[in-house]
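What follows is each chain in one-letter form.
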Amino acid sequence: MATGPRRPAALLLDPPAGYGPPPDEADLDPIRAIFRDECRDLLRVARSHLGARMVAGVLEEAAAVEKDAILRWVLLEETLRLSVASGEPKRIASAVALAAEHYRFDALQTELDALSDIPQRVLRPERIREIATAAERLAAAATAAGRPRERGAAWKLAADSWRRAGDRGRTENALAEYRRAVAAVEAD
């Protein structure tokens with residue numbers, strides 16, 4: 001029985017130019033050392049909260065136009081580190097999205113881990129609300145991707161963040177979603 005021409009499977013299509021796994025540690029270590037040496041003045045500015053925010057923006061902009069895959073990864077790695085240190089969930093999301101345009105890695109888990117590493121105890125409530133909102137967005141993405149463990153972790157982060165921000169209603173809603181996510185994982 002003739003079925004017509006076969007449609008190409010996604011795996012048969014060539015990946016976008018420059019798209020591949022992140023560089024190996026052996027390739028990254030010398031570039032990291034050069035980066036720290038060449039950018040020591042810039043990194044000195046990043047020691048303050050405001051400086052870290054500013055430098056993260058500069059590095060992300062540099063990564064967006066960088067052609068060398070290894071240096072681009074180092075720039076994005078440092079952007080992510082500084083964004084976590086300064087409590088910038090939007091910059092974390094944009095750095096992970098930029099990295100996902102060039103490399104194959106678990107972007108959802110990377111962003112969730114970075115948000116979880118933000119030291120909330122030193123942040124103002126409005127910044128903590130941004131973290132909670134970002135965690136809710138990741139919970140929705142995890143649900144859409146069929147990743148119940150990440151969904152639960154994202155809802156737990158959202159609940160903890162809403163509680164710390166002082167929003168009792170949103171805390172209750174996030175806790176209810178967290179319990180549903182945990183129940184779904186346990187049912188599997």
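Residues numbered from 1 in each chain as written. Predicted model: local features only at pLDDT ≥ 70, side-chain atom pairs only at ≥ 80, totals over all residues. Heavy atoms only, no water.

This part is about the overall build of the protein chain. Within the protein chain one finds 9 helices and 0 strands. Ordering the α and β elements of the protein chain from the N terminus gives α-α-α-α-α-α-α-α-α. In terms of overall dimensions, the protein chain has a C-alpha envelope of 65 × 50 × 25 Å along the principal axes. The burial tally for the protein chain puts 38% of its 188 residues in the buried class. (Helix = DSSP H or I, 4+ residues; strand = E, 2+ residues; numbered from the N terminus. Buried < 20%, exposed > 50% of the residue type's maximum accessible area, 1.4 Å probe, protein only.)

Below, the discussion takes up the packing of aromatic side chains. With the rule as written, the count across this model stands at 2 aromatic pairs. Between the aromatic rings of Trp-73 and Tyr-103, the centroid separation amounts to 4.8 Å while the plane-to-plane angle is 80°, which identifies the pairing as edge-to-face. Linking Trp-73 in helix H4 (residues 69-86) with Tyr-103 in the loop between helix H5 (89-100) and helix H6 (107-117), this pair joins segments that are 30 residues apart in sequence. Residue class for Trp-73 comes out buried when judged on its relative accessible area of 15%. Measuring from ring centre to ring centre gives 5.8 Å for Trp-73 and Phe-105, while their planes differ by 85°; the resulting arrangement is edge-to-face. Note that Trp-73 is positioned in helix H4 and Phe-105 in the loop between H5 and H6, a separation of 32 residues in sequence. What links up through ring pairs into an aromatic cluster is the set Trp-73, Tyr-103 and Phe-105. (Phe/Tyr/Trp six-rings, centres within 6.5 Å; stacked < 30°, edge-to-face > 60°.)

Each turn of an α-helix holds 3.6 residues, which means side chains three or four residues apart point in the same direction. An ideal rise of 1.5 Å per residue puts 16 Å on 12 residues; H5 measures up with 16 Å between its terminal C-alpha atoms. Every buried residue belonging to H5 is among Pro-89, Ile-92, Ala-93, Ala-95, Val-96, Leu-98 and Ala-99, and all of these are buried. Next to the buried residues of H5 lie helix H3 (49-65), H4, H6 and helix H7 (125-144). (Expected span 1.5 Å × (residues − 1). Contact = heavy atoms within 4.5 Å.)

This part takes up the confidence of the model for the protein chain. Averaged over all residues, the pLDDT of the protein chain equals 90, while 90% of them reach at least 70. Contacts for the low-pLDDT stretch residues 1-15, under 50 throughout, to residues beyond four places or in other chains number 1 contact. (pLDDT = per-residue confidence, 0-100.)

Below, the discussion takes up H3. For H3, with 17 residues, the first-to-last C-alpha span of 25 Å sits near the 24 Å given by 1.5 Å per residue. For H3, the set of buried residues is Gly-51, Ala-52, Val-55, Ala-56, Gly-57, Leu-59, Glu-60 and Ala-63. The inward-facing, buried residues of H3 contact helix H1 (25-38), helix H2 (40-45), H4 and H5.

This next bit is on a nonpolar patch on the surface. On the surface, Val-45, Met-54 and Val-58 cluster together to form a nonpolar patch covering roughly 240 Å² of accessible area. Within the fold, Val-45 resides in helix H2. In this structure Val-45 comes out as partly exposed when scored by relative accessible area, which is 39%. (Patch = residues over 30% accessible without salt bridge, like charges linked within 9 Å, V, L, I, M, F, W, Y side chains within 5 Å. Areas by Shrake-Rupley, 256 points an atom, 1.4 Å probe, with all protein chains shown as cover. Salt bridge = Lys/Arg side-chain N within 4 Å of Asp/Glu carboxyl O.)

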